[in-house]
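In case you want the letters, here they are:
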Amino acid sequence: MSTTGITRREFIKCSGIVGGTIFFGNQGGLAMNNSDKSKVALVSTQDRKNGVATSIKALGINPVKNKNVLIKPNFNTADQTPGSTHNDTLVALVEEVWKMGAKTVSLGERSYPLTREVMEQKGVIPLMEKLDVNIVDFDDLAEKDWVKVDAGDSHWQDGFRVARPILESECLISTCCLKTHQFGGVFTLSLKNHVGVVPTTRHGYDYMRELHSSPHQRKLIAEINAPFKPDLIVLDGLDAFVDGGPATGKLAKGNVFIASSDRVAIDAVGVAILKSLGSNGQITKSKIFGQEQIARAAELGLGAASPSDIEVIPGDENSHAYRDKVTAILNQG
């Protein structure tokens, strides 16, 4: 049964929370519509507010109108951007979502240290209170609200768990950074950002230990994304780590924002941008769709299957040259 035209709550009801478990696999309607290319809007900018607004506008979609919106940031730690989502980006995104007609806005995350401590260190809590945003600390979720995803044909030993607010969100927005990942991920863009929807340790099992010790780490990252689909992803690439990461690393100025509703496409374009910035050998010497995160996500039908499935759209007149450069790298693979 396709999920096209039904709400995510209906999808969860139809496709498999059975006894509190979702059954893993290619979830039918999660695949992109191959009759149309996945659009990635690109904005050349040095201003975060402009980057957020212009990239979303260029996509020509409004998935938030009259919806309860949940925003998933990159708050793995409180490290300076791109180690974590910049507060200006988050504020600009919230303001834009309100302008687009959201019914309610919430912020949900599970960090590596205690989530609330990370948010306090970043000064996020008072900012969100001013903007009438409800904070959903995944650390505070009851055991029953970490929904089991059965292993199926995944590389997880016994499946994994996903925060119920993510699965039941009426409109899910993910905002991520542009960076490499020195601890096995290779890069951390939108797919990797969703590691934060899986618990560190719950029901007596350490999920993060399995993830970071597995020889299939990058495939596991992709597989986390199978049970849900963001309605919008906004990537802040003003600052990038081209080596090291995810918390600290070698900095470069990307001066770019990209936005899409396709996680695979936005990660492919993000890797192309990292290539353009002279990133490390794991990025520059590998084919984009040969990267395990991207290849596995494409295999699961989570988005674009090749560069030919992606259209990079310049967000404004000043972004054409940047778009052309990135598109050329993307098409080279």
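Everything that follows concerns the structure shown earlier in this document.
Residues numbered from 1 in each chain as written. Predicted model: local features only at pLDDT ≥ 70, side-chain atom pairs only at ≥ 80, totals over all residues. Heavy atoms only, no water.

(A) Focus on the nonpolar core. Ile166, Ile258, Val269, Ile273 and Ile310 are the most contacted members of the largest nonpolar core, which has 67 residues in total. Counting residues in each nonpolar core, the second largest holds 33 residues, with Val52, Val97, Val124 and Phe257 among its members. (Core = buried A, V, L, I, M, F, W, Y, C linked by side-chain atoms within 4.5 Å. Buried < 20%, exposed > 50% of the residue type's maximum accessible area, 1.4 Å probe, protein only.)

(B) Fine view of the pattern of salt bridges. Scanning the entire structure with this criterion turns up 17 salt bridges. Of the charged contacts, one joins lysine 39 and aspartate 36 as a salt bridge, the two residues approaching to 3.5 Å between their closest N and O atoms. Note that arginine 209 and aspartate 206 form a salt bridge whose closest N and O atoms lie 3.7 Å from each other. Taking relative accessible area as the criterion, arginine 209 reaches 60% and is therefore assigned exposed. Here aspartate 206 falls in the partly exposed class, since its relative accessible area comes to 26%. The network of salt bridges with shared partners includes Arg48, Asp236, Asp239 and Lys253. (Salt bridge = Lys/Arg side-chain N within 4 Å of Asp/Glu carboxyl O.)

(C) Quick peek at the environment of leucine 300. If you trace the backbone, leucine 300 turns up in the loop between helix H12 (292-299) and strand S15 (310-314). What makes leucine 300 buried here is its relative accessible area of 4%. Taking the C-alpha atoms as reference points, leucine 300 and asparagine 225, separated by 75 residues in sequence, lie 9.4 Å from one another. (Helix = DSSP H or I, 4+ residues; strand = E, 2+ residues; numbered from the N terminus.)

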